[in-house]
Amino acid sequence: MDRYRILGAFVMAATLTAPLYGQTDLDARVLVPVFTVDPLPGANGSSWTTDLWLSNGNTETESVFGVSWDCLLPECGFLPAPIEPGRTFRPGLLGADGALHGALLYVSTASGADVHGGLRFRDLSRQASTWGTELPLPREADFHDGAFSLVDVPVDPGFRQTLRIYEIEMPQFASVRVRTFRLDPDRSQPTGDSDELLGEAIVPLQYPDLGGVPLHPGYAEVTDLSTLAPLGDAQRVRLEIAPATPGLRLWAFVTVIHNETQHATVITPQ
């Protein structure tokens, strides 16, 4: 059974219990880019965790599939979770063991605007001095079917960078093209030469097992930007990301962490 038939099956199950569990047209996807079950050890004694919250700002119960919840029916694992009006909570996720590389939540297109969230990652070893760094929760409209850029990524050796790329059409075999351009910090005028291309690379995407409802996106991770292009003496770069396989829809971000302070910055498409 393919993923669309399975998705239809759980939506049908939700329809049968609609009076109990609210909305059923769960066809809009929201990406949780990173989710940790247990803290992850990092450099210099750091310990990283995520805080995910969901909130229903509507006056009616809204439904989300992809979060774990308790109820009295054995089918609960295949039903969307009802979020009661005005309630904000910290959900666990279905398939949380693979959510470090992203998780997908399904909400209805009609009510999804009323379901909001917050996601932060933070260093537990320094939690007395920082509340962490916010990550976006991109919706389908935030994904790109063409080229887009992550601008002003520092490549100074005092920082470590991780590029994360996500894909939601999930053809199972696909790749993306990443082009790296040098940025000139002294450039202040809009006319003149184009950014200097340092190089480009084809990055393969890894796809989860689609034997059930797809709870995770396609994913790629680059922890050494010099593998994408020779950086030379560049201090800042622009990363242009585009499908190398037709039909992809992509979103990406870069985390930049200072090696000594562990201060984290997130660079997203704008």
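Relevant structure appears above.
In this text the structure is predicted, and so the values were computed from the model without any measurement. (Residues numbered from 1 in each chain as written. Predicted model: local features only at pLDDT ≥ 70, side-chain atom pairs only at ≥ 80, totals over all residues. Heavy atoms only, no water.)

### Some points on the pattern of salt bridges
We apply this condition: The term salt bridge refers to a pairing of a side-chain nitrogen on Lys or Arg with a carboxyl oxygen on Asp or Glu at a separation within 4 Å. Exposed residues in this analysis have more than 50% of their type's maximum accessible area, buried residues have under 20%, and partly exposed residues fall in between, with area computed by a 1.4 Å probe over protein chains only. Here a helix means four or more residues in a row that DSSP labels H or I, a strand means two or more in a row labelled E, and each is numbered from the N terminus.
Scanning the entire structure with this criterion turns up 18 salt bridges. Salt-bridge contacts for Asp123 lead to Arg126; the nearest nitrogen and oxygen are separated by 2.7 Å. Exposure remark for Arg126: the relative accessible area of 24% places this residue in the partly exposed category. A salt bridge links Glu196 to Arg182; the shortest N-O distance between them is 2.8 Å. With Glu196 in strand β15 (residues 196–204) and Arg182 in strand β14 (residues 175–182), the pair connects residues that are 14 residues apart, well separated along the chain. The partly exposed category is assigned to Glu196, whose relative accessible area is 41%. Here Arg182 falls in the partly exposed class, since its relative accessible area comes to 24%.

### Section: the packing of aromatic side chains
Spelled out, the test is: When two rings of Phe, Tyr or Trp (its six-membered ring) have centres within 6.5 Å they constitute a pair, described as stacked for plane angles under 30 degrees, edge-to-face for angles over 60, and tilted for the intermediate range.
In the structure shown here, the tally under the stated rule is six aromatic pairs. An angle of 40° between the planes, with centres 6.0 Å apart, marks the rings of Tyr166 and Trp251 as tilted. Of this pair, Tyr166 sits in strand β13 (residues 159–167) while Trp251 is found in strand β18 (residues 250–258), placing the two residues 85 residues apart along the sequence. The same class applies to Tyr166 as to Trp251, namely buried. Relative to Phe253, the ring of Tyr166 lies with its centre 6.2 Å away and its plane at 0°, an arrangement referred to as stacked. On the criterion of sequence distance, the pair formed by Tyr166 in strand β13 and Phe253 in strand β18 is long-range, its members being 87 residues apart.

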